[in-house]
Structures are given as structure tokens and as C-alpha cells.
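A structural walkthrough
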Amino acid sequence: MSSPRPLEGMGAVVTGATGDIGGAIARVLVDQGARVGLIARRAEVLEELAGELGDGGAQISVAPCDVTDPEAVTAAAETISDAIGPVDILINNAGGARFTAPVLDIAESGWSKTVALNLTAPFLVSQAFGRAMIERGQGSIVNVGSLSGLRHLPGMAAYSAAKGGLFQQTKALAREWAPHGVRVNAVAPGFVDTSGWDSYDKDAVVAEAGIAIPLGRWASAEEVALPVAFLASPAASYITGAVLVIDGGMLA
């Protein structure tokens, strides 16, 4: 029987921790026994989440940080490593589609910001924490992508390109770092029922995407968090370079 706390004694970091999916991932990691470092831009919300997660005695550290800023990322990695010790698990969750627009209407600034957040930032954070993982000869990185990186959705050219690039980055790091004992995988969630969609008609969103959801509903944040924790855990010790699709059967 598998342990109910498979991450006992491990150090983990979650970027974008104040979002619905990031918070769900952090809760699952804590429930499974990890010491957790939280990274996001909103310091007050980070502190609130840390207080909630630490109520049961879990060791929690926070580092407010813009993950698109290389110097800030380096400082955050030092702060968290000093607080919780060696980082065995990194979840690159920060990201998002800030706009939808036809390709001819996308400004260069919007394109660049989207790529910076969804592709460059995971690269910077993986470098910052990956060095120590390689030195210790062990570690697991999970990049949170999107179904958009595998199948373009209307109005999301910049986001789709960035997430597609993230999946290739995942494979590149997986191949390069495997000899050093570091695994790198990704997840590709479909539609997830988060607060960001509260003002939208979900049926209309799915219809516009032109893809049916065979399971007939959107995922919860926890339904993304649990597979992420699996890929990060020793249970996935022979999995690297994989992209796990969490889409209710949409691509099927």
C-alpha cells in the first residue's frame, strides 16, 4: 500500500501559489508531507496562504517575487532554500493568458509579456533551483502548461505558442538533466473551474473552442493538483520528459 504522505521530509516550491491551481497544488503537497516554499507577486495573499497551510504544523516559507525578473528569482530561490532546506520538488505553475485576440491584433508588448510569463519564467526558475538539484543528484520539476500548447484555441496564439514552447523546454531539460537524477515533466490541463472564469458562460467558452469535453464538466483545481503531485513524487520515479494531459477527454 502506498504511503498517505509520500512526500514526507521533502522540500517543494510552487510558483504562482496564490492562484486557484497554485493554492490547490500547495495544499496537496503539504497534505502529502512536504515542506513548501510559496512564490507569487502578491505578498499579502502569500502570507494568508502560508498561515492557512501552516496551521497544521507544516513548514512553510514565502518569497514574494515576479518570476519574469531574473534577479528576483535568484533572490527568491536563496530565501526559500535557506528557510526550508534542500528543494527536491519544483512546480512551475505561474502563468496565464492575459488576453485573447486575433493574430493581426496582437501587440508586440502583449506577445512578449505572455512569452516572458509562460515560457521564460519557468526557464529562469528551473535554472535557479535546478543547479542545487543537479549537485545533489536528485530532484523533480513539473511544469504546468495548458491544452492550448497542444491544440490552438481561438484568440490565444501567444499563449498557445508559449505553452507549446514550455512542453519542448520540458523535454529538453528532461533529456539534459536525467543523467544527474533530475526528472522534468509537465501537465496540460484543459478547462479548469477557477475563479478567473466566474464571469464567463462556460458552455459558450467550450462551444467557441470547438472541442467537446467527453466527461461533460470542467476540472476542479484539485484534479490538476493531484496529478502534479504524482509526477513530482517517487511514485513517478521512471517518468521524465512526459506531458500528462488532464482534459476530460477533449483531445480524444
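Further up the page is the structure itself.
Conventions we followed
Residues numbered from 1 in each chain as written. Predicted model: local features only at pLDDT ≥ 70, side-chain atom pairs only at ≥ 80, totals over all residues. Heavy atoms only, no water. Helix = DSSP H or I, 4+ residues; strand = E, 2+ residues; numbered from the N terminus. Buried < 20%, exposed > 50% of the residue type's maximum accessible area, 1.4 Å probe, protein only. Polar contact = N/O pair within 3.5 Å; in protein donor to acceptor, adjacent residues only side chain to side chain. Pairing = 2+ DSSP bridges. Axes fitted to C-alpha atoms, helices over the stretch in contact; angles between N-to-C directions. Contact = heavy atoms within 4.5 Å. Salt bridge = Lys/Arg side-chain N within 4 Å of Asp/Glu carboxyl O. Core = buried A, V, L, I, M, F, W, Y, C linked by side-chain atoms within 4.5 Å. Phe/Tyr/Trp six-rings, centres within 6.5 Å; stacked < 30°, edge-to-face > 60°. Lys NZ or Arg CZ within 6 Å of the ring centre and 35° of its normal. Right-handed = clockwise from strand over helix to strand, strands pointing away.

**Concerning the environment of Ser 233**
- Tracing the sequence through the fold places Ser 233 in the loop between α7 (221-232) and β7 (243-246).
- Under the relative-accessibility criterion, Ser 233 is labelled buried at 4%.
- Considered as a pair, Ser 233 and Gly 145 are 88 residues apart in the sequence and their alpha carbons are 18 Å apart.
- Within the local environment of Ser 233, its side chain forms a polar contact with the backbone oxygen of Phe 230, the two atoms lying 2.8 Å apart.

**Describing the sheet that holds strand β4 (residues 89-92)**
- Spatial strand order, β3-β2-β1-β4-β5-β6-β7: seven strands in an open sheet with parallel pairing. Each having just a single partner strand, β3 (60-64) and β7 make up the two edges of the open sheet. The sheet shows a mean angle of 15° between the axes of neighbouring strands, taken without regard to direction.
- Docked against the sheet, α7 engages β4, β5 (139-144), β6 (182-189) and β7, running at close to 165° with respect to β6.

**Structural notes on the pattern of salt bridges**
- For the structure on display, the rule yields five salt bridges.
- With a closest N to O distance of 2.6 Å, Arg 5 and Glu 8 form a salt bridge.
- By relative accessible area, which is 37% here, Arg 5 ends up partly exposed.
- Salt-bridge contacts for Arg 136 lead to Asp 88; the nearest nitrogen and oxygen are separated by 3.6 Å. Here Arg 136, found in helix α4 (residues 108-136), pairs with Asp 88, found in the loop between α3 (70-84) and β4; they are 48 residues apart in sequence, far enough to count as distant.
- Assessed through its relative accessible area of 33%, Arg 136 is described here as partly exposed.

**A closer look at the nonpolar core**
- In this structure, Val 14, Ile 25, Leu 29, Leu 38, Ile 91 and Val 228 are the most contacted members of the largest nonpolar core, which totals 36 residues.
- Counting only elements with at least two residues in this core, the list comes to β1 (11-15), α1 (20-31), β2 (35-40), α2 (43-54), β4, β5 and α7.
- Setting aside residues no more than four positions away along its own chain, Leu 29 makes contact with Leu 7, Ala 12, Val 14, Ala 34, Val 36, Ile 91 and Ala 229.
- Ranked by size, the runner-up nonpolar core spans 24 residues in total, among them Ala 76, Ile 84, Leu 90 and Val 125.

**Here's the deal with the side chain of Thr 15**
- Looking at the secondary structure, you find Thr 15 in strand β1.
- For Thr 15, a relative accessible area of 2% gives the class buried.
- One polar contact links the side chain of Thr 15 to the main-chain amide nitrogen of Asn 93, over a distance of 2.9 Å.
- Here Ala 94 takes part through its backbone nitrogen, which lies 2.9 Å from a polar atom of the side chain of Thr 15.
- In contact with Thr 15, not counting residues within four places along its chain, are Ile 39, Val 67, Ile 91, Asn 92, Asn 93, Ala 94 and Val 125.

**Comments concerning the packing of aromatic side chains**
- If you walk through the whole model with that rule in mind, you get one aromatic pair.
- With centroids separated by 4.8 Å and ring planes inclined at 25°, the aromatic side chains of Phe 191 and Trp 218 adopt a geometry described as stacked. In this pair, Phe 191 sits in the loop between β6 and α6 (202-209) while Trp 218 sits in the loop between α6 and α7, placing the two residues 27 residues apart along the sequence.
- The cationic tip of Lys 202 hangs over the ring face of Trp 218; the distance from NZ or CZ to the ring centre is 5.7 Å.

**Examining the pairing of β3**
- Taken together, the five bridges between β2 and β3 define a ladder with parallel strand orientation. Bridge pairing links Ala 40 to Pro 64 in β3.
- On the question of chirality, the crossover connecting β2 to the parallel β3 by way of α2 is right-handed.

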